[in-house]
Amino acid sequence: MLNVLKDIMEGLEYFDKAAWTKEMLHIFCDICIKAIDMGMKPNTHFDKKGWKFLITSFKEQTGHAFIKTQLKNKWD
């Protein structure tokens, strides 16, 4: 719960319930690959810039405003 509140306080006004379709999963994977290729996953995790990139790119491509916690749960 604290992570959700933290994500909201970091500038997101709202977020959608995470109901994943196959198309959304493919888009998410493509965005993750792009972020990795851009060096936003220096070790075993995405850096802060990487998560911001994932969140904004995912919203632009799908129209769904998922927060870091929701995307990280899918990544894990």
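Structure: above.
No experiment lies behind these values; they were computed from the predicted model shown.

Thresholds, definitions, all that
Residues numbered from 1 in each chain as written. Predicted model: local features only at pLDDT ≥ 70, side-chain atom pairs only at ≥ 80, totals over all residues. Heavy atoms only, no water. Helix = DSSP H or I, 4+ residues; strand = E, 2+ residues; numbered from the N terminus. Buried < 20%, exposed > 50% of the residue type's maximum accessible area, 1.4 Å probe, protein only. Contact = heavy atoms within 4.5 Å. Areas by Shrake-Rupley, 256 points an atom, 1.4 Å probe, with all protein chains shown as cover. Disulfide = S-S within 2.5 Å. Phe/Tyr/Trp six-rings, centres within 6.5 Å; stacked < 30°, edge-to-face > 60°. Salt bridge = Lys/Arg side-chain N within 4 Å of Asp/Glu carboxyl O.

(A) View of the overall build of the protein chain. Helix and strand counts for the protein chain stand at four helices and zero strands. Helices and strands in the protein chain line up, N terminus first, as α-α-α-α. Considering the protein chain as a whole, with its 76 residues, one finds that 28% of them fall into the buried category. Taking all contacts inside the protein chain whose residues are at least 6 apart in sequence as the whole, residues at least 24 apart take part in 58%. Counting only carbon and sulfur atoms, one obtains 56% of the accessible surface of the protein chain, whose full area is about 5,500 Å².

(B) Layout of the state of the cysteines. One pass over the structure, following the stated rule, counts zero disulfides. With no disulfide of its own, Cys29 has Cys32 as its nearest cysteine by sulfur position, at a separation of 6.3 Å.

(C) Representation of the packing of aromatic side chains in the model. Tallied over the full model, the rule gives seven aromatic pairs. Ring plane angle 65° and centroid distance 5.3 Å describe the contact between Trp20 and Phe66, whose orientation is recorded as edge-to-face. Residue Trp20 is found in the loop between helix H1 (2-9) and helix H2 (22-37), and its partner Phe66 is found in the loop between helix H3 (48-62) and helix H4 (68-75); the two are separated by 46 residues along the sequence. Members of the aromatic cluster, connected to one another through ring pairs, are Trp20, Phe28, Phe58 and Phe66.

(D) Fine view of the pattern of salt bridges. Enumeration according to the criterion identifies one salt bridge in this entry. Between Asp76 and Lys72 there is a salt bridge, with the nearest N and O atoms lying 2.9 Å from each other. Judged by relative accessible area, which is 63%, Asp76 ranks as exposed.

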